[in-house]
Amino acid sequence: MVALAIERLTVMDDRISCVVALAPGTPHFTTPDLAARVVASFPDLPRHACVNEVGATFGAVMNRTSLPHLLEHLVIDLQTRVAPVDSAATFVGTTVWTDETAGRARIEVNFTDDLVALRAFRDAAHFLSGAVVL
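Re the pairing of strand S4 (residues 104-110)
Argument step 1. In terms of burial, S4 is a largely internal element, 5 of the 7 residues being buried.
Argument step 2. One ladder, built from 7 bridges, connects strand S2 (residues 15-22) with S4; its direction is antiparallel. Counted as the bridge partner of Val19 is Arg106 from S4.
Argument step 3. Here strand S3 (residues 93-99) runs beside S4; their pairing, made up of 6 bridges, is antiparallel. Bridge pairing in S4 places Gly93 opposite Val109.
Argument step 4. Counted along the chain from S3 to the antiparallel partner S4, the turn is 4 residues long, and its residue Gly103 has a positive phi close to 75°.

Structural notes on the pairing of strand S1 (residues 4-11)
Within a regular strand, the side chains alternate between the two sheet faces.
Argument step 1. Looking at chain direction, S1 and S2 are connected through 7 bridges and run antiparallel. Looking at the pairing, Ala5 lines up with Ala21 of S2.
Argument step 2. Linking S1 to S2, which pair antiparallel, is a turn of 3 residues.

A few points about the nonpolar core
Argument step 1. Counting residues in hydrophobic clusters, the biggest one holds 35 residues, and the most contacted among them are Leu4, Val38, Leu45, Leu70, Leu71, Leu74 and Leu128.
Argument step 2. Going through the elements one at a time, S2, helix H1 (32-41), helix H2 (67-82), S4 and helix H3 (114-131) are the ones with two or more residues in this core.
Argument step 3. Sequence-distant contacts of Leu45, defined by excluding residues within four places in its chain, comprise Val38, Phe58, Gly59, Met62, Leu70, His73, Leu74 and Asp77.

Here we look at the packing of H2 against H3
Argument step 1. Contact geometry of H2 with H3 gives a least axis separation of 8 Å together with a crossing angle of 130°. With respect to H3, the element H2 is oriented oblique. In the packing of H2 onto H3, the handedness of the crossing is right-handed. Between H2, through Leu67, Leu70, Leu71, Leu74, Val75, Leu78, Gln79 and Val82, and H3, the contact on the second element is made entirely by Val116, Ala117, Ala120, Phe121, Asp123, Ala124, Ala125, Phe127 and Leu128.
Argument step 2. Grouping the amino acids of the contact of H2 with H3 by side-chain chemistry returns 15 nonpolar, 1 polar and 1 charged.

Section: the layout of surface pockets
Argument step 1. Within this model, the largest pocket holds a volume of roughly 360 Å³.
Argument step 2. Considering the residues around the largest pocket, the lining is formed by 15 residues, among which Ala49, His73, Ile76, Phe91 and Val92 are closest to the centre.
Argument step 3. Elements that contribute at least two residues to the lining of the largest pocket include exactly H2 and S3.
Argument step 4. In terms of residues, the lining of the largest pocket owes the most to one element, H2, which gives 5 residues.
Argument step 5. Of the residues assigned to the lining of the largest pocket, the class counts are 6 nonpolar, 8 polar and 1 charged.

Here's the deal with the pattern of salt bridges
Argument step 1. One pass over the full model with this rule turns up 8 salt bridges.
Argument step 2. Its salt-bridge partner being Arg37, residue Asp33 comes within 2.2 Å of it at the nearest N-O pair. Of this pair, Asp33 and Arg37 both sit in helix H1, 4 residues apart, which is roughly one turn of that helix.
Argument step 3. As a salt-bridge pair, Asp77 and Arg81 come within 3.0 Å of each other at their nearest N and O atoms. Linking Asp77 with Arg81, this pair stays in helix H2, spanning 4 residues, or about one helical turn.
Argument step 4. Through salt bridges with shared partners, one network takes in Asp14, Arg15, Arg106 and Glu108.

Here is what the cut-offs are and how they apply
Residues numbered from 1 in each chain as written. Predicted model: local features only at pLDDT ≥ 70, side-chain atom pairs only at ≥ 80, totals over all residues. Heavy atoms only, no water. Buried < 20%, exposed > 50% of the residue type's maximum accessible area, 1.4 Å probe, protein only. Helix = DSSP H or I, 4+ residues; strand = E, 2+ residues; numbered from the N terminus. Pairing = 2+ DSSP bridges. Core = buried A, V, L, I, M, F, W, Y, C linked by side-chain atoms within 4.5 Å. Contact = heavy atoms within 4.5 Å. Axes fitted to C-alpha atoms, helices over the stretch in contact; angles between N-to-C directions. Parallel < 35°, antiparallel > 145°, perpendicular 65-115°, else oblique. Left-handed = near helix turned anticlockwise from the far one by under 90°. Nonpolar A, V, L, I, M, F, W, Y, C, P; charged D, E, K, R; others polar. 1 Å grid on protein atoms, 1.4 Å probe; cavity = no way out; pocket = protein on both sides within 12 Å on 5 of 7 lines; lining within 4 Å. Points joined across faces, edges and corners; volume = space filled by probe spheres on them. Salt bridge = Lys/Arg side-chain N within 4 Å of Asp/Glu carboxyl O.

Set out below in structure tokens:
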């Protein structure tokens, strides 16, 4: 079963907007166990800058944040992995529940290359679906 599905991707001039839906029964939030499994493959995630109510990094909230928010940071991380070493690009994103009860959210992330960003969304959603234990 796919825990998280991308329903729609919209490419704009400066960002990609993604509507994502969690499958029924999928937890809406991360746990310390899930965060540890994800960090094993994405060790830079805890150091991502992140505007949140707890601290200045994603690591401050990653043990208890929404799965769509985690997806946002995975997409950003995947983009940074293929950015040129001398790149000054900064990747930013936002995540908002559009219907938390139904498990729907909108994620927006900027990009330097739309095809890289689209691939990052695909790969991040696939990875996260596999990492979530139902």
